[in-house]
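The residues making up each chain are set out below.
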Amino acid sequence: MTRVTSDRPLLTLLAAACLALACAGPAAAADPPSRPNVLWIVSEDNFPFLGCYGDRFAQTPNLDRLAADGILYENCFAAAPVCAPSRSTIITGVNATAMGTHHMRSTNRIPDQIRLFPQYLREAGYFTSNNSKTDYNFQPFPEGGWNQITKGHWRNREPGQPFFSVFNIGTSHESSLHGSKVVPEYLEETFTLPPYHPDVPAIRSNWVQYYRIITKMDAQVGQILADLAADGLADDTIVFYYGDNGGILPRSKRYVYDTGVHVPLIVRFPEKYRHLAPGEPGTRIKPPVIFVDFAPTVLSLAGLEIPSYMQGRAFLGARKAEPRQYVYPFRGRMDERYDMMRTVRDDRYKYIRNYMPHRIYLQHLDYLWKMPATQAWERAFRDGKTNEVQSRYWQPKPAEELYDVAEDPWEVNNLVGKPEHRARLDAMRAANRQNLLAIRDAGFLPESEMMDRAARHGLTIYEMARDDSVYPLEKLIDAAELAGDRDPQNLPKLVAMLNDDDAGIRYWGASGCLMLGEKAADAQSALLAALEDPAPCVRIVAAEAVAAMGHQREAVRVLTAALEAENPRAVLEAINSLDALGEAARPALPALKQATKHKDDYVRRASSWVVEQLASTP
């Protein structure tokens with residue numbers, strides 16, 4: 001651990017004592033003389049573009065001062081590179097991938113045993129408030145976690161009552177750049193773009209504008225801290241500041257590179273709770289932490305027991321665990337587009353497993369394309385004005401990626417295949433598998449099948465994923481990795497998988513054939529038979545595969561029929577496949593136009609895009 005200092009004066013600390021309270025929730029540890037207040041300040045969509053993290057272009061005096069007064073975590077990671085799945089992880093202490101809440105704007109149910117962690121604080125006598133974002137990615141909304149959400153504030157508690165309060169700052173959200181214009185003066189700034197972005201005015205202007213927005217966010221953090229001090233509570237409150245995910249320029253938010261999942265985390269301890277801190281003010285912590293650790297950490301700081309179902313590790317307090325070697329961010333469906341990535345990150349290296357490598361990185365997303373930088377990057381690529389690094393994100397992915405983030409902070413030099421990194425690749429590959437099995441990752445079924453299978457068995461997805469007779473996870477992982485390897489020698493195995501009793505295995509068999517493209521020609525008969533498979537997810541991917549083999553009419557028939565599926569996620573899967581067909585999807589145009597009126601927003605977005613593309617061609 002190293003230390004960072006500041007020549008700025010510390011915030012004035014005003015004395016105020018917290019009352020000792022009995023625990024009515026999980027059993028408390030030996031009660032301390034008082035329990036700390038805990039304040040969370042959360043900013044949206046920002047990688048650590050902060051002065052205290054070494055960014056020389058940043059102007060963030062309040063957060064720099066907070067870091068000098070507190071503990072800075074060099075390697076904190078969001079569970080996912082987008083808010084809602086990450087928030088479902090934060091609020092429960094359970095990985096979203098374990099609960100089936102890993103896809104964006106999921107509405108899946110979680111078991112009653114999994115509670116919002118503020119419920120335990122509330123039952124222990126804390127006042128809990130959230131001002132005011134929840135966005136937990138599951139339904140129904142659990143009751144009892146918060147005393148107040150709308151206009152929640154520590155000032156609304158009973159006199160002397162300890163509090164846990166969350167303040168969410170939306171200033172830095174990606175929407176702040178939607179529809180923005182090029183600012184000529186920003187083009188004169190001495191700012192170096194990351195190597196994956198072409199140096200064009202819209203991108204350069206958006207980058208500089210984003211830094212200005214971060215400075216505004218920093219001022220808002222300063223105001224909340226000033227309010228805390230003015231209320232005489234700074235001496236009694238442990239303050240957390242963190243970002244909810246990375247962002248916001250393209251190839252950051254929604255992507256598992258560090259710009260999408262590496263977030264700032266600073267924790268300040270007042271003098272009376274300094275014994276709970278892992279070091280003196282200015283200390284920097286290197287071992288990684290991740291959002292699933294936040295719930296058990298707050299309970300540990302409050303002196304409460306950590307429920308056994310939580311999958312995180314406390315990194316502070318009486319129940320602090322051993323530091324992690326690895327953390328495991330993930331990517332699932334982002335808005336209307338399907339993808340699947342799992343990662344392993346230590347304090348220096350990043351491993352990525354791409355389970356859908358045939359899909360390009362930058363699939364069109366309605367929301368992401370509202371940013372001028374995204375549009376400008378696509379134009380530059382279409383016009384042939386991008387280099388190899390800048391072009392690769394518009395192309396299919398490798399099955400695996402490995403980066404030395406210390407030497408390659410923008411993660412553009414893939415080390416897979418380098419003999420000197422083989423041992424590390426093997427170790428991180430093994431760690432990925434171990435974690436998938438340990439948490440019972442529910443994501444190895446396509447979304448529609450995952451939801452439908454749990455419903456058929458009367459289970460939540462979390463419960464389903466823990467029943468190997470219903471969800472044979474190890475077998476599914478093997479199938480997914482075999483498919484993603486894109487090795488023609490595996491074709492006989494992929495064809496055999498098409499006859500498996502489990503629809504998930506059949507799905508991966510068809511997916512593997514799709515990923516092989518022309519090299520899967522010998523699987524045509526099996527794939528054509530799969531067009532009549534009882535599982536919609538298998539029919540859909542088999543249809544996309546046979547379309548590439550010249551059977552467009554049969555493929556479009558199956559995909560058009562899937563637009564009538566009861567589960568809107570099966571409809572969305574079919575639209576993604578129709579989009580991949582390009583002009584061959586034209587016979588489905590009437591059905592796609594009808595889908596633009598669908599009740600599901602993502603179905604409307606995806607179908608509208610495909611209709612627009614077909615309409616733009618003669």
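As shown above, the structure is provided for reference.
All figures in this text were calculated on a predicted structure; none of them were measured in a lab.

Reading the values: the criteria
Positions within a chain are numbered from 1, following the residues in the order the chain's sequence is written. At least 70 in pLDDT is required for a residue's local features to be given in this predicted model, at least 80 for side-chain atom pairs to be given and counted, and no such filter applies to totals for whole chains, interfaces and linings, which use all residues. Note: side-chain values were computed over all heavy atoms of the structure, leaving out hydrogens and water. Grid points spaced at 1 Å over the protein atoms alone were grouped into cavities, where a 1.4 Å probe fits but cannot get out, and pockets, open sets with protein on both sides within 12 Å along at least five of seven lines, with lining residues defined by an atom within 4 Å of a point. Grid points are joined across faces, edges and corners, and a volume is the space filled by probe spheres set on the points. Nonpolar residues are Ala, Val, Leu, Ile, Met, Phe, Trp, Tyr, Cys and Pro. Charged residues are Asp, Glu, Lys and Arg, and all others, Gly as well, are polar. Here is the rule: rings of Phe, Tyr and Trp (six-membered ring for Trp) pair when centre to centre is within 6.5 Å. Planes less than 30 degrees apart are stacked, more than 60 are edge-to-face, and the remainder are tilted. Partly exposed residues are those whose accessible area sits between 20% and 50% of the maximum for their type, while under 20% is buried and over 50% is exposed, using a 1.4 Å probe and protein chains only. Being paired, for any two strands, means DSSP has found at least two bridges between them. For helices the rule is a DSSP run of H or I covering at least 4 residues; for strands it is a run of E covering at least 2, with both sets numbered from the N terminus onward. Contact definition: two residues touch when any of their heavy atoms are within 4.5 Å. Simply put, an axis is a line fit to the C-alpha atoms, just over the touching stretch for a helix, and the angle between two N-to-C directions goes from 0 to 180 degrees. Note on definitions: salt bridges are taken to be side-chain nitrogens of Lys or Arg within 4 Å of carboxyl oxygens of Asp or Glu. Angles are sorted into four bins: roughly parallel if under 35 degrees, roughly antiparallel if over 145, roughly perpendicular if 65 to 115, and oblique for all others. Here a crossing is called left-handed whenever its near helix is offset anticlockwise from the far helix by less than a right angle, and right-handed whenever the offset is clockwise.

A. Expanded view of the layout of surface pockets. One number sums up the size of the largest pocket: a volume of about 630 Å³. Residues belonging to the lining of the largest pocket are distributed by class as follows: 12 nonpolar, 4 polar and 8 charged. Here the second largest pocket is characterised by a volume of approximately 480 Å³. Arg-337, Ile-360, Gln-363, His-364 and Asp-579 are, among the 18 residues lining the second largest pocket, the residues nearest its centre.

B. Layout of the packing of aromatic side chains. One pass over the structure, following the stated rule, counts 38 aromatic pairs. With 4.8 Å between their ring centres and 55° between their planes, Phe-47 and Phe-49 make a pair best called tilted. Classification of Phe-47 by relative accessible area gives buried; the value is 16%. When its relative accessible area of 4% is taken as the criterion, Phe-49 is described as buried.

C. How the structure looks around the sheet that holds strand 13 (residues 400-404). Here 4 strands make up an open sheet; going across it, the order is 10-11-12-13 and the pairing antiparallel. One side of each edge strand has no neighbouring strand; the edge strands of this open sheet are strand 10 (330-331) and strand 13. Inspection of the sheet shows strand 11 (residues 341-345) paired to strand 12 (residues 349-354) by 5 bridges, in the antiparallel sense. Bridge pairing in strand 12 places Arg-342 opposite Arg-353. Against the sheet, helix 10 (residues 422-439) touches strand 11, strand 12 and strand 13, its axis set at about 60° to strand 12.

D. Here's a closer look at the pattern of salt bridges. Under the defined criterion, the tally for this structure stands at 50 salt bridges. We note a salt bridge from Asp-231 to Arg-155, for which the minimum N-O separation is 2.7 Å. One end of the pair, Asp-231, is in the loop between helix 5 (201-230) and strand 6 (237-243); the other, Arg-155, is in the loop between strand 4 (127-131) and strand 5 (163-169), and 76 residues separate them in sequence. Judged by relative accessible area, which is 32%, Asp-231 ranks as partly exposed. Arg-557 serves as the salt-bridge partner of Glu-532, at 3.3 Å between the closest nitrogen and oxygen. Of the two residues, Glu-532 sits in the loop between helix 16 (524-530) and helix 17 (536-547) while Arg-557 sits in helix 18 (residues 552-562), which places them 25 residues apart along the sequence. Residue classification places Glu-532 among the exposed positions, given a relative accessible area of 56%. Here the residues in one salt-bridge network are Asp-45, Glu-174, Lys-253, Arg-254, Asp-335, Asp-601, Arg-604 and Arg-605, joined through shared partners.

E. Here's a closer look at the packing of helix 17 against helix 18. In contact at an axis separation of 8 Å, helix 17 and helix 18 are set at 155° when each is read in the N-to-C sense. It follows that helix 17 is roughly antiparallel to helix 18 by the angle criterion. Note that helix 17 runs across helix 18; the crossing there is left-handed. Here Arg-539, Ile-540, Ala-543, Val-546 and Ala-547 of helix 17 lie close against helix 18, whose contacting residues are Gln-552, Ala-555, Val-558, Leu-559 and Ala-562. A per-class count over the contact of helix 17 with helix 18 returns 8 nonpolar, 1 polar and 1 charged.

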